[in-house]
Amino acid sequence: MSSPDFARHCVAICQLSYQPQKDFNVNTELLVLENGEVHASTWDAEPRNGGFDVFVLNDRVDAAGFMVVTDWEFLDGKAYAVVERRAPA
């Protein structure tokens, strides 16, 4: 099952950072766990109405080179989704 055509699913987790960067009041971080590696990105964004903006989450995952496979699920102030790496263009 390690053929190049086999899509490897990964986990994406989005949460508010407990250690915001100096210039930001709120820091949101996205972590993608892929084959034992952690890919992280951060940005300054306040969750809307107590929740994360799904459109922003999808854009951030896309910018990291992945695509969302499942709908985002929300639990204990975090957002979770299954993602997979985009095929090279």
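Residues numbered from 1 in each chain as written. Predicted model: local features only at pLDDT ≥ 70, side-chain atom pairs only at ≥ 80, totals over all residues. Heavy atoms only, no water.

**So, the pattern of salt bridges**
Filter applied, for reference: Within this document, salt bridges are pairs made up of a side-chain nitrogen of Lys or Arg and a carboxyl oxygen of Asp or Glu, the two lying within 4 Å of each other. Here a strand is any run of E in DSSP of at least two residues, a helix any run of H or I of at least four, and the numbering for each starts at the N terminus. The classification of residues rests on relative accessible area computed with a 1.4 Å probe and restricted to protein chains. Under 20% of the type maximum is buried, over 50% is exposed, and intermediate values are partly exposed.
Applying the stated criterion across every chain, the model contains two salt bridges. When the shortest N-O distance is used, the salt bridge between Glu34 and Arg85 registers 3.0 Å. A residue pair is termed long-range when its members are at least 10 positions apart, and Glu34 in strand 2 (residues 28-34) and Arg85 in strand 6 (residues 78-85) qualify at 51 residues. Given a relative accessible area of 12%, Glu34 falls into the buried group.

**Re unusual backbone geometry**
Of note in the backbone geometry, Asn35 takes a positive phi value of approximately 45° without being a glycine. Tracing the backbone shows Asn35 in the loop between strand 2 and strand 3 (37-43). Of note in the backbone geometry, Asp76 takes a positive phi value of approximately 50° without being a glycine. With relative accessibility at 72%, the residue Asp76 sits in the exposed group.

**Here we look at the confidence of the model for the protein**
Quick reminder of the rule: Across the chain, each position has a pLDDT score giving the predictor's confidence in that residue, from 0 to 100.
The pLDDT averaged across the protein works out to 82; a share of 74% of its residues lies at or above 70. Within the protein, the element-level pLDDT minimum falls on strand 3, averaging 89, and the maximum on strand 4 (residues 66-68), averaging 96.

**Describing the side chain of Glu84**
Counted only if it meets this: Charged residues are defined narrowly, with Lys and Arg counted positive, Asp and Glu counted negative, and His plus the chain ends left uncounted.
With respect to the helices and strands, Glu84 occurs in strand 6. We note that Glu84 is buried and unpaired, the nearest opposite charge coming from Arg86 at a distance of 7.7 Å.

**Let's talk about the pairing of strand 6**
How we decide: DSSP calls a pair of strands paired once it identifies at least 2 bridges connecting them.
Across six bridges, strand 1 (residues 9-16) lies against strand 6 in antiparallel orientation. Bridge pairing in strand 6 places His9 opposite Glu84. Bridge count between strand 4 and strand 6: three bridges; the pairing is antiparallel. Along strand 6, the bridge assignment pairs Phe66 with Arg85. Direction of pairing for strand 5 (residues 73-75) relative to strand 6: antiparallel, over a ladder of three bridges. Bridging from a neighbouring strand, Phe74 pairs with Ala79 of strand 6. Between strand 5 and the antiparallel strand that follows it, strand 6, lie two residues; Asp76 among them carries a positive phi value of about 50°.

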